[in-house]
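# Residue-level structure breakdown
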Amino acid sequence: AQSVSQHNHHVILSEAASLELGCNYSYGGTVNLFWYVQYPGQHLQLLLKYFSGDPLVKGIKGFEAEFIKSKFSFNLRKPSVQWSDTAEYFCAVMGNDYKLSFGAGTTVTVRA
Amino acid sequence: EAGVAQSPRYKIIEKRQSVAFWCNPISGHATLYWYQQILGQGPKLLIQFQNNGVVDDSQLPKDRFSAERLKGVDSTLKIQPAKLEDSAVYLCASSLGAQTSRDTQYFGPGTRLTVL
């Protein structure tokens, strides 16, 4: 079975700062990788996903993530955050069983 | 397009009582999931349906949890009797394709259960 580790529990930033959230997974086979976001009072929604091909994937709202196979990592980045990026971010991995395994999440607070 | 609907949004019960949650997936979605999200953790899959059949219930505590998806549309998740450790948010999600697809899962707002 696969597992996911998110390095930071809570990140606090100022507007315009750059954001990087770490995600590492453990799984020996082919993986599909996801970042989900939950804005305050809203549903969990997909931010971006990686299945194959270019390891640098772009998602909604200016987010991107890079898959580094050798490091079992799929870190999320945004060059310049806005107050509206305040949310909880979840990394998830899907293996050959087609089941999503989520990390514990990182709460991001952006100060105006 | 209407999203995944869940009710109730909040529920407070005492231990040993029973409780049921309801989910209406996005129209046409074949696969339905129930997740449990305990405070400070990510969602954990409890059970997965494709149409009205159970695909995976390996993580469902079957001594107290049950779920059904009649007619392959709506689904209910029941806990009987509830324990303190069942306090969590119960999320329903649905996806368009079959169980063996990588279709995006769309999540509902969740039901926050507090067991006293």
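Our structure is the block above this text.
Since the model is a prediction, treat every value here as computed from it, not as a measurement.

The rules we used
- Residues numbered from 1 in each chain as written.
- Chains lettered and ligands numbered in written order.
- Predicted model: local features only at pLDDT ≥ 70, side-chain atom pairs only at ≥ 80, totals over all residues.
- Heavy atoms only, no water.
- Contact = heavy atoms within 4.5 Å.
- Buried area = accessible area lost by both parts, 1.4 Å probe.
- Salt bridge = Lys/Arg side-chain N within 4 Å of Asp/Glu carboxyl O.
- Polar contact = N/O pair within 3.5 Å; in protein donor to acceptor, adjacent residues only side chain to side chain.
- Helix = DSSP H or I, 4+ residues; strand = E, 2+ residues; numbered from the N terminus.
- Disulfide = S-S within 2.5 Å.
- Buried < 20%, exposed > 50% of the residue type's maximum accessible area, 1.4 Å probe, protein only.
- Core = buried A, V, L, I, M, F, W, Y, C linked by side-chain atoms within 4.5 Å.
- Pairing = 2+ DSSP bridges.
- Axes fitted to C-alpha atoms, helices over the stretch in contact; angles between N-to-C directions.

## Focus on the interface of chain A and chain B
Contact residues are listed per partner, giving 16 residues for chain A and 20 residues for chain B. For the pair chain A and chain B, the two sides together bury roughly 1,600 Å², of which 56% comes from carbon and sulfur. Among the residues of chain A in contact with chain B, H43, Y98 and K99 of chain A are the three that bury the most area, contributing 33% of the side total. Along the contact surface separating chain A from chain B lie one salt bridge. A salt bridge links D56 of chain B to K99 of chain A, with the nearest nitrogen and oxygen atoms 2.6 Å apart. Applying the counting criterion to the chain A and chain B interface returns five residue pairs in polar contact (both at pLDDT 80 or more). Elements with a minimum of two residues in the side of chain A that touches chain B: β5 (32-38), β6 (44-50), β10 (87-94) and β11 (100-102) of chain A.

## So, the state of the cysteines
For the structure shown, the criterion picks out two disulfides over all chains. What pairs with C23 of chain A in a disulfide is C91 of chain A, and their sulfur atoms sit 1.9 Å apart. On the sign convention where negative means left-handed, the S-S torsion of about -65° between C23 of chain A and C91 of chain A marks this disulfide as left-handed. You can see C23 of chain A sitting in strand β4 (residues 23-26) and its partner C91 of chain A sitting in strand β10, a full 68 residues away along the chain. Residue classification places C91 of chain A among the buried positions, given a relative accessible area of 1%. Residue pairing for C23 of chain B: its cysteine sulfur links by disulfide to C92 of chain B, the two sulfurs lying 1.9 Å apart. Disulfide C23 of chain B-C92 of chain B: torsion about the S-S bond near -70°, hence left-handed. Remark: C92 of chain B occurs in strand β9 (residues 88-95) and C23 of chain B occurs in strand β3 (residues 19-24); sequence separation between them is 69 residues.

## Points about the nonpolar core
Formed by 29 residues in total, the largest nonpolar core has its most connected members in W35, F74, L76 and Y89 of chain A. No other element matches the four residues that β10 of chain A contributes to this core. Among the nonpolar cores identified, the runner-up in size contains 21 residues, and F21, F49, A82 and L113 of chain B belong to it.

## Quick notes on the pairing of strand β2 (residues 10-14) of chain A
All names here are of chain A. Here β2 shows a clear split, with V11 and L13 buried on one side and none of H10, I12 and S14 buried on the other. Inspection of the sheet shows β2 paired to strand β12 (residues 106-111) by five bridges, in the parallel sense. Each bridged residue has a counterpart across the sheet, and for H10 the counterpart in β12 is T107.

## Here we look at the sheet that holds strand β7 (residues 65-68) of chain B
All names here are of chain B. Taking strand neighbours across the sheet as the criterion, the four strands line up as β1-β3-β8-β7 in an open arrangement whose pairing is antiparallel. What marks the edges here is a single partner per strand, and that holds for β1 (5-7) and β7. Sheet twist, expressed as the average angle between the axes of neighbouring strands with direction ignored, equals 15°.

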